[in-house]
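# Survey of secondary and tertiary structure
In case you want the letters, here they are:
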Amino acid sequence: MAQQPGQSPTGRENLLNAVDAFSKLLLPEERSALTQTTTPDSILELTTALKDARVSEKKIKRCEAFLQSVQQFSGIVDTMIQHNACISALVWGSVKILLLTARNYIRYFSCLTDLLEKLGMVCPIFKEFQDLWPHFQGLQDAIFEYYAQTVKFCADALGFLRKSGTSMILRALLQPVHHELQEVEKNLTIQEKIVEYQIILARESTAREARQHLILFSNNWEAHREEERQEWTCNRKWRQRLEANATGNQQRQLQQWEKTRDGLLDLTLKQETQKRLEERQRILNWISDYNHTITFLDFENASHPRTGESLFKMDEYNQWVQSSQSSIFWCHGIPGSGKSVLSTSIVKYFLDTGSQRANNGSEKTFIGYFFCTFSDNRSLKFDQIIRSLIKQMLSVFHGSTQFEEYLVKFFSQYNNISSIRQWQDLFIRTCRLPNYIYLIIDGIDECHNDVQAQILEMLNKMLEIPRCIKIYLSSRKEVYLTRNLTYAVSVSLDDMKCRPEIEGYIDASLQQRLNDKRLRIQDPVMIEEIRQALMGGVEGM
């Protein structure tokens, strides 16, 4: 589309311009090799080529997150831009050819992989916008502009590498290249913030539409129920007159009519209830689409029936659990000492005791948990943590009249939530619903210090609520947490006498491997030596 005079180019146009500029830099054999679109194996093919060129696997892994983002965008861009050239092949090819060219310049390639590692931590995540971006022009322009900047950088860097000159000249120019890479990182980071803002706007627009549907559905449902009540009143008067004059046959007809009517009313009620449940689930999914149970189940599979026995026998732990005062219990240890596996046992323990409390009385109990893990970047973001806990807490009130009324009120007041502070205020309001709260957060040390500060601020506000709140934290003993958790009950895994449960776990694991033939050893002496070696290495990674 031709650009109007005085009008700024759109992100789509900037991407096309960047792709055209990059295409002009390609050699004939390179252009012919980029005629096909990208596939799920494109990243594997690129990393294999880099390994063949003796590039270290550590440097390759730095680029993986960024390469996945570019490859996923390349897989959908051709459906959004109708163009005579294969845009996806050129977008992916800009990164591919730059890496393959830069592998011959060790220092430049190291700078490049450092930059791509940083960009991989902030680049747009396809799962966060895949359902939104086909319907929102602003989000499309922001994403197109982000990858236009990426292609432009690759074209500039490729042109720089192909300048004539000796390696000495290249080293002399390396200092300006550092400055150039810093500028690129700054520009792409700013553009990622614009993408994130557009995603928020798109979600808010979707939320407003959902709220309007919910309010309309609620109004229509109340009107329908009022019509049914009026019809029932009329039918009751008619039935009273009919009963006064009915004999045997008339009475049987009346009973049959009532049975049919009751069946229709039950069917209508079930259909209305199903619609309301579907609408409720839609709202909960808008609050959070993060599945917090996956990591928990992974660690649960690695646990042993006796996991946690040493902690449950500690005086500090039992005093903390039995106290009616709200407080924090902090369990810390070195990496690989079993903190996360222990956290799963705490979750299961609270789920059991919480169920017993719910069965013994009318007081509502909430058990929530969240595992922060470095392998999942979303789990390290504060908004994902707090939104997941809000969804978990609201799900406790599934199907109750109180839940339905609160949900309508919540959606009417908070459908435009866009800041961390508003999510935090909503979470504190939601914490007032149950009488007892058991909260387990594992791996808080995996988060950035700013996120740790936000989590601790949120927990401190929770403790001010007039409820019985127990918070279990698990992490490494880092300086920041040690300085800011002085008021918490603190226990180190090194202080626990965990040897019996560790021995039980090792014995069970060895026996299982002997039974399924994964360990083919018949000599009892050798088996005992293996057992002793494993017991000697339980100090963590």
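These numbers come from a predicted model, not from an experiment.

With that settled, consider the pattern of salt bridges. Scanning the entire structure with this criterion turns up 5 salt bridges. A salt bridge links aspartate 289 to arginine 378, with the shortest nitrogen-to-oxygen separation between them at 2.7 Å. Here aspartate 289 is found in the loop between α11 (248–287) and α12 (293–301), whereas its partner arginine 378 is found in the loop between β2 (365–371) and α16 (382–395), with 89 residues between them in sequence. Notably, a salt bridge pairs lysine 461 with glutamate 457, separated by 3.8 Å at the nearest N-O pair. Here glutamate 457 and lysine 461 lie together in helix α19 (residues 449–463), a separation of 4 residues that amounts to about one turn. Relative accessible area serves as the criterion here: at 27%, lysine 461 is assigned to the partly exposed category. Look at glutamate 457 and you get partly exposed, because its relative accessible area is 31%. One salt-bridge network, in which partners are shared between bridges, spans Arg421, Glu457 and Lys461.

A few words now on helix α1 (residues 11–25). Between its first and last C-alpha, α1 extends 21 Å over 15 residues, near the 21 Å set by a 1.5 Å rise per residue. Buried within α1 we find Gly11, Glu13, Leu15, Leu16, Ala18, Val19, Phe22 and Ser23.

This next bit is on the packing of α16 against α19. Across the interface, α16 lies against α19 with an axial gap of 10 Å and an inter-helix angle of 30°. Relative to α19, the element α16 is oriented roughly parallel. On α19, the residues touching Phe382, Ile385, Ile386 and Leu389 of α16 are Val451, Gln454, Ile455 and Met458. Classifying every residue of the contact of α16 with α19 by side-chain character gives 7 nonpolar, 1 polar and no charged.

With that out of the way, let us pick up the packing of aromatic side chains. Using the criterion set out here, one finds 16 aromatic pairs in the structure. Relative to tryptophan 423, the ring of tryptophan 286 has its centre 6.1 Å away and its plane inclined at 40°; by these criteria the two rings are tilted. Taken together, the positions of tryptophan 286 in helix α11 and tryptophan 423 in helix α18 (residues 420–430) put the pair 137 residues apart, joining distant regions of the chain. With respect to burial, tryptophan 286 and tryptophan 423 carry one shared label: buried. Taking 4.9 Å as the distance between ring centres and 40° as the angle between the ring planes, the aromatic pair formed by phenylalanine 296 and tyrosine 369 counts as tilted. Here phenylalanine 296, found in helix α12, pairs with tyrosine 369, found in strand β2; they are 73 residues apart in sequence, far enough to count as distant. Each member of the pair, phenylalanine 296 together with tyrosine 369, is buried.

Another point: the environment of leucine 269. With respect to the secondary-structure elements, leucine 269 resides in helix α11. As a C-alpha pair, leucine 269 and arginine 225 span 44 residues in sequence and 9.8 Å in three-dimensional space.

Read across the open sheet, the 5 strands follow the order β2-β3-β4-β1-β5; overall the sheet is parallel. Both edges of this open sheet fall to β2 and β5 (489–492), since each of them pairs with a single strand only. When strand polarity is set aside, the average angle formed by the axes of neighbouring strands in this sheet is 10°. The pairing of strand β1 (residues 327–332) with β5 spans 4 bridges and is classified as parallel. Residue pairing in the sheet places tryptophan 330 in a bridge with serine 490 of β5. Of the strands in this sheet, β1, β4 (468–475) and β5 are in contact with helix α14 (residues 315–322), which crosses β1 at around 155°. Relative to β4, α19 is tilted by about 160°, and along the sheet it contacts β1, β3 (436–442) and β4.

What counts, and where the lines are drawn
- In this convention, every chain numbers its residues from 1, walking through the sequence in written order.
- With pLDDT at 70 or above as the cut-off, local features in this predicted model cover only qualifying residues; side-chain atom pairs require 80 or more to be listed or tallied, and sums for whole chains, interfaces and linings still use all residues.
- Side-chain numbers come from the whole structure's heavy atoms, not from hydrogens or water.
- Whenever Lys or Arg places a side-chain nitrogen within 4 Å of a carboxyl oxygen from Asp or Glu, that contact is recorded as a salt bridge.
- Secondary structure elements follow DSSP: runs of H or I of four or more residues count as helices, runs of E of two or more count as strands, with numbering from the N terminus.
- Throughout, exposure labels follow a simple rule: accessible area from a 1.4 Å probe, protein chains only, divided by the maximum for the residue type, with under 20% read as buried, over 50% as exposed, and the rest as partly exposed.
- To estimate how far a helix should extend, the number of its residues minus one is multiplied by 1.5 Å.
- Interaxial angles span 0 to 180 degrees and are taken between N-to-C directions of axes, which are lines fitted to C-alpha atoms, for helices over the stretch in contact.
- An angle counts as roughly parallel when it lies under 35 degrees, as roughly antiparallel when it exceeds 145, as roughly perpendicular when it falls between 65 and 115, and as oblique in every other case.
- Every residue pair with non-hydrogen atoms within 4.5 Å of one another is taken to be in contact.
- Gly is put with the polar residues, along with every residue not named as nonpolar or charged; the nonpolar set is Ala, Val, Leu, Ile, Met, Phe, Trp, Tyr, Cys and Pro, and the charged set is Asp, Glu, Lys and Arg.
- Any pair of Phe, Tyr and Trp rings, taking the six-membered ring for Trp, is counted once the centres come within 6.5 Å. Such a pair is stacked with planes under 30 degrees apart, edge-to-face with planes over 60 apart, and tilted for the rest.
- Paired strands, as defined in this entry, are two strands with at least two bridges between them according to DSSP.

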